[in-house]
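Structural overview for review
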2 protein chains.
Amino acid sequence: MIDIAVGIDIGGTNTTFGFVDKKGDSLKKVTITTDSKQGKKEYATQLAEVVKDVLKENTEFSLLGIGIGAPNGNYYNGTIEFAPNLDFEGIVPLVDLMKEHFDVPIILTNDANAAAIGEMMYGGAIGMKNFIMITLGTGVGSGIVVNGEMVYGNDGFAGELGHSVAVANGRQCNCGRKGCLETYCSATGMVRTAFELMSTFNIPSALKNYSFNNLDSKIIFEEAEKGDLLAKEVFSKTGEILGRFLSDAVNFSSPEAFFLFGGPVAAGNVLLHPVKKHFENNILKIYKNKIKILPSELPLGDAAILGASALVWKELE
Amino acid sequence: MIDIAVGIDIGGTNTTFGFVDKKGDSLKKVTITTDSKQGKKEYATQLAEVVKDVLKENTEFSLLGIGIGAPNGNYYNGTIEFAPNLDFEGIVPLVDLMKEHFDVPIILTNDANAAAIGEMMYGGAIGMKNFIMITLGTGVGSGIVVNGEMVYGNDGFAGELGHSVAVANGRQCNCGRKGCLETYCSATGMVRTAFELMSTFNIPSALKNYSFNNLDSKIIFEEAEKGDLLAKEVFSKTGEILGRFLSDAVNFSSPEAFFLFGGPVAAGNVLLHPVKKHFENNILKIYKNKIKILPSELPLGDAAILGASALVWKELE
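Our subject in this report is the structure included herewith. Computed from a prediction, not measured in an experiment: that's the story for all the values here. (Residues numbered from 1 in each chain as written. Chains lettered and ligands numbered in written order. Predicted model: local features only at pLDDT ≥ 70, side-chain atom pairs only at ≥ 80, totals over all residues. Heavy atoms only, no water.)

1. Considering the overall build of chain A
When helices and strands are tallied, chain A shows 9 helices and 13 strands. Computed over C-alpha atoms, the radius of gyration of chain A comes to 20 Å, within 12% of the 20 Å expected from 2.2 N^0.38 for 317 residues, which places it in the range of a compact globule. With the principal axes as the frame, chain A shows a C-alpha extent of 60 × 45 × 35 Å. Burial status across chain A gives 59% buried among its 317 residues. (Helix = DSSP H or I, 4+ residues; strand = E, 2+ residues; numbered from the N terminus. Rg over C-alpha atoms; globule rule 2.2 N^0.38 Å. Buried < 20%, exposed > 50% of the residue type's maximum accessible area, 1.4 Å probe, protein only.)

Here it is as structure tokens:
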């Protein structure tokens, strides 16, 4: 028998299941379309049936627990609460609903927290007691580890650095506020920056051939690699805002390292150099040259399910 | 015999010793002038002799440990590192130097962390697992508690929220950076705000009779109470900047409460009302109406020694 933790990553479009062993190898992976238009109970039953089917087909799997990473996931309540990209109304008590199907520990948290736990178990944060995971995707998420423990806060919703203000009275954010970090440093924020730069500078750029809806951070990176000045400037500006922001975040928990995760991080030093430069230029003297800014060591495709499954091993410790 | 923890509060001007029992009663208090022009070893010996003298005079005291709150105090190293208001050069290994005189636990941290531990043991934070202490004095300090534990960070210097940027490209700070929270919301920052308002508005105010060096937050409060519009506006503006700042700090650790401590907090609702108003107006939706902003319940005069002595009880737990 192989001890297995199931990691479930719930996204607006897809829900992915990984059947992961303790070493972090995903032995079996299943993806279904996220149907959040059906009832909450029906969705939980659908998830449970996928897990049961795989266990039936793989009799060598011994299920130890289920970890779930979800947008607006609340660790304490085991709920998904008012997630903007899902159609469920209000609060989904997913852990309770899943417990009707399984008699093993079921743990739920938000996707960035799951990624942080994944980094701690399988990535670059092994052995670190104090670090911060920053996930750059459609939005910006964060998972904060202090004294070796995940920071969930009083209500289970700690770690929303993507919604701290990076630019006062800045860009409009989905959350209803202005200037949040994610309006600048998410993959979508980078597209907004490209369009801002096209409006202010009058230089030729390949990015001018793209509509807002067709441009993404990968194209910006590819053009930057080819020498496109405007595309390069998008990375400089993104790095400046992120670097400055992180230099202030240090004042909170003085971490050993920040890990950056997500599509834009594939750009490597094109992004990391400006982040590090502005980080060190703006940081308080006592912290200078002490804190690492590193790319996540989790595989981009499997990170979410790996992180979610790691919730189980962490809980069993 | 009475079990005693000695709390030592080291300030730029005075060093105060409190001989505190477990209930938090300071049974004996001694204050000496801080002489940081003498050698580091000599200073440690001076501190040790004060403690020994009191113990000799009070034979019913049984010394359990010594807690020290000091500017730029490092919990892990037991050192005071490059403290701007003390004349010592570089790093003072105060715990090691004190250990040559005593065979009990000796713990050192910065003053705001000590105050947070005091609040947790004797003040309004009893039973709270997640809260943040903000001290408003010459500067702004902070002590952060997560999962019931003090946040010291990787290097022992966590919790410097007074040096996070509250206003981009704002006022010059002693730390060499610009716009730090303490340049606006410390007692000194409030004086700066009064002078800014005198320069921009053209209204009569009693504050116009004071020089920069003679004005303080207590006078501003007294004039605000008498109805002075400019003095009231100082509190509104201070509250606005602090409230906005704290609404972003929530994104980090989602605390149950913030505790405000220090001279300006004596103004009560004159300060707390604008803080709470701008806090709730700017906070992310998931946190709305959940988080308390409270005045510290520690006695202003004894808080520092109470907090420092609490380090000992916390360590012995």
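Alright, that's what it looks like, and here's the rest.
2. Description of the relation of the copies chain B and chain A
Each copy superposes on the other: chain B lies on chain A with an RMSD of 0.0 Å after a rotation of 180° and an axial shift of 0.0 Å. In the structure described here, the two chain copies are related by an operation that fits a two-fold rotation axis. A share of 100% of the interface residues of chain B reappears at the interface of chain A, consistent with the copies meeting face to face through the same patch. (Least-squares fit on C-alpha atoms with pLDDT ≥ 70 in both. Contact = heavy atoms within 4.5 Å.)

3. Some points on helix 6 (residues 217–225) of chain B
Residue and element names in this part refer to chain B. Along helix 6, the residues that are buried comprise Ser217, Ile219, Ile220, Phe221, Glu223 and Ala224. Elements in contact with the buried residues of helix 6: helix 5 (187–200), helix 7 (229–253) and helix 8 (269–282). At the N-terminal boundary of helix 6, the capping side chain belongs to aspartate 216, with an oxygen 3.1 Å from the backbone nitrogen of lysine 218. (Polar contact = N/O pair within 3.5 Å; in protein donor to acceptor, adjacent residues only side chain to side chain.)

4. Describing the interface of chain B and chain A
The interface is formed by 36 residues belonging to chain B together with 36 residues belonging to chain A. For the chain B face of the interface with chain A, the top three residues by lost area are Asn154, Phe252 and Leu284 of chain B, together amounting to 23%. The interface formed by chain B and chain A contains 4 salt bridges. At the boundary of chain B and chain A, one finds 28 residue pairs in polar contact (both at pLDDT 80 or more). Broken down by element, the residue count for the side of chain B that touches chain A peaks at 5 residues, all from helix 7 of chain B. (Buried area = accessible area lost by both parts, 1.4 Å probe. Salt bridge = Lys/Arg side-chain N within 4 Å of Asp/Glu carboxyl O.)

5. Regarding the sheet that holds strand 1 (residues 2–10) of chain A
All names here are of chain A. Spatially, the 5 strands line up as an open sheet ordered 3-2-1-4-8, and their pairing is mixed. With partners counted over all chains shown, the strands left at the sheet margins are strand 3 (26–33) and strand 8 (106–109), one partner each. For this sheet, the mean inter-axis angle between neighbouring strands, taken without regard to orientation, is 20°. The pairing of strand 4 (residues 61–69) with strand 8 spans 4 bridges and is classified as parallel. (Pairing = 2+ DSSP bridges. Axes fitted to C-alpha atoms, helices over the stretch in contact; angles between N-to-C directions.)

6. Describing the sheet that holds strand 4 (residues 61–69) of chain B
Residue and element names in this part refer to chain B. Taken in spatial order, the 5 strands line up as 3-2-1-4-8 in an open sheet, and their pairing is mixed. Of all the strands in the sheet, the pair left with one neighbour each is strand 3 (26–33) and strand 8 (106–109). The sheet shows a mean angle of 20° between the axes of neighbouring strands, direction not considered. Seen against the sheet, helix 9 (residues 303–316) touches strand 1 (2–10), strand 2 (14–20), strand 3, strand 4 and strand 8 and runs at an angle of roughly 130° to strand 1.

7. Concerning the packing of aromatic side chains
What the rule picks out here adds up to 19 aromatic pairs over all chains. Between phenylalanine 252 of chain A and phenylalanine 252 of chain B, the aromatic rings sit 3.8 Å apart at their centres with planes inclined by 15°, giving stacked as the arrangement. Residue phenylalanine 252 of chain A is located in helix 7 (residues 229–253), and its partner phenylalanine 252 of chain B is located in helix 7; the two belong to separate chains. You'll find phenylalanine 252 of chain A and phenylalanine 252 of chain B in the same group, each marked buried. Seen from their ring centres, tyrosine 75 of chain B and tyrosine 152 of chain B are 3.8 Å apart, and the 0° between their planes marks the pair as stacked. Here tyrosine 75 of chain B, found in the loop between strand 5 (73–74) and strand 6 (79–81), pairs with tyrosine 152 of chain B, found in the loop between strand 11 (149–150) and helix 4 (182–185); they are 77 residues apart in sequence, far enough to count as distant. Using a relative accessible area of 25% as the deciding quantity, one classes tyrosine 75 of chain B as partly exposed. The class of tyrosine 152 of chain B is buried, set by a relative accessible area of 7%. The ring of phenylalanine 102 of chain B is capped by lysine 52 of chain B, whose NZ or CZ atom sits 5.7 Å from the centre of that ring. (Phe/Tyr/Trp six-rings, centres within 6.5 Å; stacked < 30°, edge-to-face > 60°. Lys NZ or Arg CZ within 6 Å of the ring centre and 35° of its normal.)

8. Observations concerning the nonpolar core
Of all hydrophobic cores here, the largest spans 102 residues; its most connected members are Ile220, Leu246 and Phe258 of chain A together with Ile220, Leu246 and Phe258 of chain B. Not counting residues within four places of it along the chain, the set of residues in contact with isoleucine 220 of chain B comprises Met190, Val191, Ala194, Leu207, Leu215, Ala231, Val234 and Phe235 of chain B. (Core = buried A, V, L, I, M, F, W, Y, C linked by side-chain atoms within 4.5 Å.)

9. Quick word on the side chain of asparagine 282 of chain B
Summarising the element assignment, asparagine 282 of chain B is placed in helix 8. Owing to a relative accessible area of 16%, asparagine 282 of chain B belongs among the buried residues under this scheme. Engagement of the side chain of asparagine 282 of chain B in a polar contact is seen with the backbone oxygen of histidine 278 of chain B, the distance being 2.7 Å. Beyond its immediate sequence surroundings of up to four residues, asparagine 282 of chain B is in contact with Arg177 of chain A together with Arg244 and Ser247 of chain B.

10. Topic: the pairing of strand 13 (residues 292–295) of chain B
All names here are of chain B. One ladder, built from 4 bridges, connects strand 12 (residues 257–261) with strand 13; its direction is parallel. Across the sheet, the residue bridging to phenylalanine 258 is isoleucine 293, located in strand 13. In this view, the connection linking strand 12 to its parallel neighbour strand 13 by way of helix 8 has right-handed handedness. (Right-handed = clockwise from strand over helix to strand, strands pointing away.)

11. Looking at the packing of helix 5 (residues 187–200) of chain A against helix 7 of chain A
All names here are of chain A. One way to put it is that helix 5 packs onto helix 7 with a least axis distance of 9 Å and a crossing angle of 120°. By the angle between their axes, helix 5 is oblique relative to helix 7. Viewed along their axes, helix 5 and helix 7 form a crossing whose handedness is right-handed. Along its contact with helix 5, which presents Met190, Thr193, Ala194, Glu196, Leu197 and Met198, the element helix 7 presents Leu230, Glu233, Val234, Phe235, Lys237 and Thr238. Here the residues of the contact of helix 5 with helix 7 are counted per class, giving 7 nonpolar, 2 polar and 3 charged. (Parallel < 35°, antiparallel > 145°, perpendicular 65-115°, else oblique. Left-handed = near helix turned anticlockwise from the far one by under 90°. Nonpolar A, V, L, I, M, F, W, Y, C, P; charged D, E, K, R; others polar.)

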